[in-house]
Amino acid sequence: FVVPPDGPNSHVYYSNRAAAFLSINDYESSIDDSERALSLKPDYAKAHARLGLAYFVSGRYDEAVEAYEEALEHDPENEWCRGHYEQAKLKLEFERQKTRSAKPKNRTNTSQPHLSHSSQEQQQQQQQHRQIYQEERDQEDFQSDDEGEEEGVEGEEEEEEEEEEEEEEEDDG
């Protein structure tokens, strides 16, 4: 899939492809496309948010916090982004505390493998990613990638008006 590098909406295409890469757990490609989108339009908040999500699910919490901060600078009313920013800050602090409190331990009992914890942590991270990605997709159902204009709201309002008119006609008839 080739994206024209200088098209007026190329930043949107790269950002959308970044979301697609997230959905298939290809985080590095998502990071690359988010960065490409931002190289074309540095103030595109959605690309910053997707970059933050890709960093977050990659375990790069410090970079996720930075990306979410940048997204919120350009779109301070974005509650989805604010919530994920707060999650990333908490996770970053948790990881820092875990690192500080980790002390070398002399283990005399080596019969319990460490892999199960790592595998469980990885499964939890993947589940968390799926949940975050689904929340993003749910939000996008109501927003357009065309600079934050709402998509579908007018159509829904028209449908509601038509349904109300039909109900009134049925009541009259």
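Each value, and the rule that gives it
- Within each chain, residue numbers correspond to sequence positions counted from 1 in written order.
- In keeping with the predicted nature of the model, local features appear solely for residues at pLDDT of at least 70, side-chain atom pairs appear and are counted solely at 80 or more, and the whole-chain, interface and lining totals rest on all residues.
- With hydrogens and water set aside, each side-chain value is computed from the structure's full complement of heavy atoms.
- Helix and strand assignments come from DSSP, with helices taken as H or I runs of at least 4 residues and strands as E runs of at least 2, each series counted from the N terminus.
- Relative accessible area decides the class of each residue, using a 1.4 Å probe on protein chains only: under 20% of the type maximum gives buried, over 50% gives exposed, and in between gives partly exposed.
- A contact between two residues is defined here by any heavy atoms of the two lying within 4.5 Å.
- Reported accessibility uses the Shrake-Rupley method at a 1.4 Å probe radius. Residues are deemed covered only where the shown protein chains occlude them.
- Here is the rule: rings of Phe, Tyr and Trp (six-membered ring for Trp) pair when centre to centre is within 6.5 Å. Planes less than 30 degrees apart are stacked, more than 60 are edge-to-face, and the remainder are tilted.
- What we call a nonpolar core is a set of buried Ala, Val, Leu, Ile, Met, Phe, Trp, Tyr and Cys residues that are connected through their side-chain atoms within 4.5 Å.
- A pair is scored as a salt bridge if a Lys or Arg side-chain nitrogen falls within 4 Å of a carboxyl oxygen belonging to Asp or Glu.

(A) The overall build of the protein chain, seen in detail. The number of helices and strands found in the protein chain is seven helices and zero strands. Here the protein chain holds 173 residues, and the buried ones make up 30% of them. Sequence separation of 24 or more characterises 55% of the internal contacts of the protein chain that already satisfy a separation of 6 or more. Entry remark: accessible area of the protein chain is about 11800 Å², with carbon and sulfur atoms responsible for 43%.

(B) Quick peek at the packing of aromatic side chains. As enumerated under the stated definition, the model contains two aromatic pairs in all. For the ring pair tyrosine 68 and tryptophan 80, a centre distance of 6.5 Å and an interplane angle of 70° mean the geometry is edge-to-face. Taken together, the residues span a long stretch of sequence, with tyrosine 68 in helix α4 (residues 61-74) and tryptophan 80 in helix α5 (residues 79-101) at a distance of 12 residues. By the burial criterion, tyrosine 68 is buried, and tryptophan 80 matches it.

(C) Main features of the nonpolar core. Counting 28 residues, the largest nonpolar core has Tyr68 and Cys81 as the members making the most contacts within it. Contributions of two or more residues to this core are made by α1 (10-23), α2 (27-40), α3 (45-57), α4 and α5. The element best represented in this core is α3, accounting for eight residues. When near neighbours in sequence (up to four residues on either side) are disregarded, cysteine 81 contacts Ala49, Tyr68, Ala71 and Leu72.

(D) Layout of the environment of lysine 46. Of note, lysine 46 is situated in helix α3. Note: C-alpha distance between lysine 46 and serine 34 (12 residues apart in sequence) is 9.0 Å.

(E) Just the pattern of salt bridges, in detail. Here the structure, examined in full by the defined rule, presents eight salt bridges. Where aspartate 33 meets arginine 36, a salt bridge forms, and the shortest distance between an N and an O atom there is 2.6 Å. Within this pair, aspartate 33 and its partner arginine 36 are both found in helix α2, separated by three residues, close to a single helical turn. Exposure remark for arginine 36: the relative accessible area of 38% places this residue in the partly exposed category. With a closest N to O distance of 3.4 Å, lysine 41 and aspartate 43 form a salt bridge.

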